[in-house]
Amino acid sequence: QVQLVESGGGLVQAGGSLRLACSASGRTFSSAAMGWFRQAPGKEREFVATVNWSGYNTYYAPFVKGRFTISRDNAKNTVYLQMNSLKPEDTAVYYCAASIEGRIATMSVLYDYWGQGTQVTVSS
């Protein structure tokens, strides 16, 4: 069992930065792949970034590549999403998710546990 709690969301101006954190409880965190997804009002949830269990393999959605960085600290049971050069279209609820299989994955159905989400709002 893994419980996930996101933090770090908020209101920021376009061009600004935020760092989201997702704290996990449970013994399986260090072997789980972690992902970030987001959902804007009226839109489906979409993949943002993923990192494998070790932290060495990452993958990003094309629309965030070069602006966002996913990382993890297994000693702290935490995964991060550093978001730079934010745009109004990045406004969404951001969710972290854990896949006990351990490999990076872009499909939400491959994730076993989800956090409650944190709101990110980017003003123009």
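Residues numbered from 1 in each chain as written. Predicted model: local features only at pLDDT ≥ 70, side-chain atom pairs only at ≥ 80, totals over all residues. Heavy atoms only, no water.

Student: Would you mind going over the nonpolar core in detail, with residue names and values included?
Tutor: Counting 35 residues, the largest nonpolar core has W36, L81, M83 and Y94 as the members making the most contacts within it. Listed by contribution, the elements that provide at least two residues to this core are β3 (18-25), β4 (33-39), β5 (46-51), β7 (68-73), β8 (78-83), β9 (92-99) and β11 (118-123). A per-element tally of this core places β9 first, with 5 residues. Those residues in contact with M83 that lie beyond four places of it in its chain are G16, S17, L18, L20, R67, F68, Y94 and V120. (Core = buried A, V, L, I, M, F, W, Y, C linked by side-chain atoms within 4.5 Å. Buried < 20%, exposed > 50% of the residue type's maximum accessible area, 1.4 Å probe, protein only. Helix = DSSP H or I, 4+ residues; strand = E, 2+ residues; numbered from the N terminus. Contact = heavy atoms within 4.5 Å.)

Student: Please provide a residue-by-residue account of the side chain of D90, values included.
Tutor: Its location among the elements puts D90 in the loop between β8 and β9. Since its relative accessible area comes to 1%, D90 is described here as buried. Of the polar contacts made by the side chain of D90, one reaches the side chain of R38; its length is 2.8 Å. Those residues in contact with D90, other than ones at most four positions away along the chain, are R38, R67, F68, S85, V120 and V122. (Polar contact = N/O pair within 3.5 Å; in protein donor to acceptor, adjacent residues only side chain to side chain.)

Student: Can you tell me about the pattern of salt bridges, naming the residues and giving the values?
Tutor: If you walk through the whole model with that rule in mind, you get 4 salt bridges. The closest approach of N and O atoms between R67 and D90, which form a salt bridge, is 2.7 Å. Highlighted residues: R67 in the loop between β6 (58-60) and β7 and D90 in the loop between β8 and β9, separated in sequence by 23 residues. The same class applies to R67 and to D90, which are both buried. Between E101 and R103 there is a salt bridge whose closest N-O contact spans 2.9 Å. For E101, a relative accessible area of 47% translates into the label partly exposed. One network of salt bridges, with partners in common, ties together R38, E46, R67 and D90. (Salt bridge = Lys/Arg side-chain N within 4 Å of Asp/Glu carboxyl O.)

Student: An account of the packing of aromatic side chains is needed here, citing residue identities and associated values.
Tutor: Scanning all chains against the criterion turns up 5 aromatic pairs. A centroid spacing of 6.1 Å and a plane angle of 25 degrees characterise the contact between F47 and Y59, whose relative ring orientation is stacked. Here F47, found in strand β5, pairs with Y59, found in strand β6; they are 12 residues apart in sequence, far enough to count as distant. F47 sits in the buried class, given a relative accessible area of 11%. Among the aromatic residues, those joined into a ring-pair cluster are F37, F47, Y59, Y111 and W114. Positioned above the aromatic ring of Y95 is the side chain of R45, whose terminal nitrogen or guanidinium carbon lies 3.9 Å from the ring centre. Over the face of the ring belonging to W114 we find R45, whose NZ or CZ atom lies 4.7 Å from the ring centre. (Phe/Tyr/Trp six-rings, centres within 6.5 Å; stacked < 30°, edge-to-face > 60°. Lys NZ or Arg CZ within 6 Å of the ring centre and 35° of its normal.)

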